[in-house]
Amino acid sequence: MTIKHHLSDELLMAYAAADLPEAFNLVIAAHLSLCDECRARSMAFDALGGAVIEDSTCEMDEGSLAACLARIDGLTQMTAPLRPRTDRVLPAPVLDYVGGGLEAVKWRALGMGVRQAILPTGDKGASARLLYIPAGAAMPDHGHRGVELTLVLQGAFRDEADRFGRGDIEIADASVEHTPVAEAGADCICLAATQGALKFNALLPRLAQPFFRI
Ligand code: ZN
Ligand code: ZN
């Protein structure tokens, strides 16, 4: 797998600073689980953030630090998952939100073969969803009120800008209106986080098409 489209420094910094809605954290964590390059950059930002925190607030003596680390170790062992944390399509961070692998996803039809499943992130003003686009089919033409992150998990899509395959992430904002089309050959599954509602431009004209024959 060769990943061509990566996370921006701005997003990785905001992620390290825990400054993003949960929906965006989820998409970023899912990309990091697939991408060595961004994981290395993310660890550098984490170290940077950690150093700043250590400088300003931490005056822990060695004894309590050791006790604290031992406690964290214990917690990690206690919460170690029992079921296997792998799925052919869904990265580990997504499994908890779905409550299982790909077969556990509760899809809802959006029309024209496109399906989606909203993931329970508890955000206000942001949402995370899995999208299923049949091979060769298009998502409705839409613009965005805010930032949209789309991570490809299966198949590939193209839009006006480029081609996106498994592991690739597309960053779109309010200036982008695009029509992602799934490539022929494999159905496309994506994980997307959106800030604000999507503006579907072509949905109404398309629904009206059979009546007006345009
Ligand atoms: Zn990357
Ligand atoms: Zn979009």
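Attention in this report is confined to the structure presented alongside it. (Residues numbered from 1 in each chain as written. Chains lettered and ligands numbered in written order. Predicted model: local features only at pLDDT ≥ 70, side-chain atom pairs only at ≥ 80, totals over all residues. Heavy atoms only, no water.)

**Side note on the coordination of the zinc ion (ligand 1)**
Coordination angles at a metal have ideal targets, namely 109.5 degrees for four tetrahedral donors and 90 or 180 degrees for six octahedral donors. Bound to the zinc ion (ligand 1) are the protein donor atoms His 6 (ND1), His 31 (NE2), Cys 35 (SG) and Cys 38 (SG), situated 2.1 to 2.3 Å from the metal. Geometry at the zinc ion (ligand 1) is tetrahedral, judged from its four donor atoms and the angles of 96 to 130° they form at the metal. (Donors = N, O, S within 2.8 Å, 3.2 Å for Na, K, Ca; no water. Tetrahedral: all angles 85-135°; square planar, octahedral: opposite > 155°, others 65-115°.)

**Some remarks on the nonpolar core**
One recurring pattern in soluble globular proteins: nonpolar side chains tend to sit buried together. The biggest cluster of nonpolar side chains holds 37 residues, and the ones touching the most others in it are Leu 7, Leu 90, Val 94, Leu 119, Leu 130, Leu 153 and Leu 191. The set of elements that each furnish at least two residues to this core consists of helix H1 (9-16), helix H2 (22-34), helix H3 (36-56), helix H5 (92-98), strand E2 (114-119), strand E3 (126-133), strand E5 (148-154) and strand E10 (188-195). Excluding residues that lie within four positions of it along the chain, Leu 153 makes contacts with Leu 34, Val 89, Leu 90, Pro 91, Leu 130, Arg 166, Ile 189, Cys 190 and Leu 191. The next biggest cluster of nonpolar side chains, apart from the first, holds 12 residues, and it includes Val 114, Met 139, Val 152 and Cys 188. (Core = buried A, V, L, I, M, F, W, Y, C linked by side-chain atoms within 4.5 Å. Buried < 20%, exposed > 50% of the residue type's maximum accessible area, 1.4 Å probe, protein only. Helix = DSSP H or I, 4+ residues; strand = E, 2+ residues; numbered from the N terminus. Contact = heavy atoms within 4.5 Å.)

**Considering the sheet that holds strand E6 (residues 156-158)**
Pairing is antiparallel across the open sheet formed by three strands, whose spatial order is E7-E6-E9. In the strand order of this sheet, the two ends are held by strand E7 (163-165) and strand E9 (181-182), each with one partner. (Pairing = 2+ DSSP bridges.)

**A short note on the pairing of strand E1 (residues 108-111)**
Bridging between E1 and E2 involves three bridges; their strand directions are antiparallel. Pairing of Gly 111 across the sheet is with Val 114, part of E2. Where E1 hands over to E2, the hairpin turn is made up of two residues, of which Met 112 adopts a positive phi near 55°.

**Examining the packing of aromatic side chains**
Evaluation of the coordinates by the stated rule reveals two aromatic pairs. Ring geometry for Trp 107 against Tyr 132: centres 5.5 Å apart, planes inclined by 70°, an arrangement best described as edge-to-face. Linking Trp 107 in the loop between H5 and E1 with Tyr 132 in strand E3, this pair joins segments that are 25 residues apart in sequence. Ring geometry for Phe 157 against Phe 164: centres 5.1 Å apart, planes inclined by 25°, an arrangement best described as stacked. (Phe/Tyr/Trp six-rings, centres within 6.5 Å; stacked < 30°, edge-to-face > 60°.)

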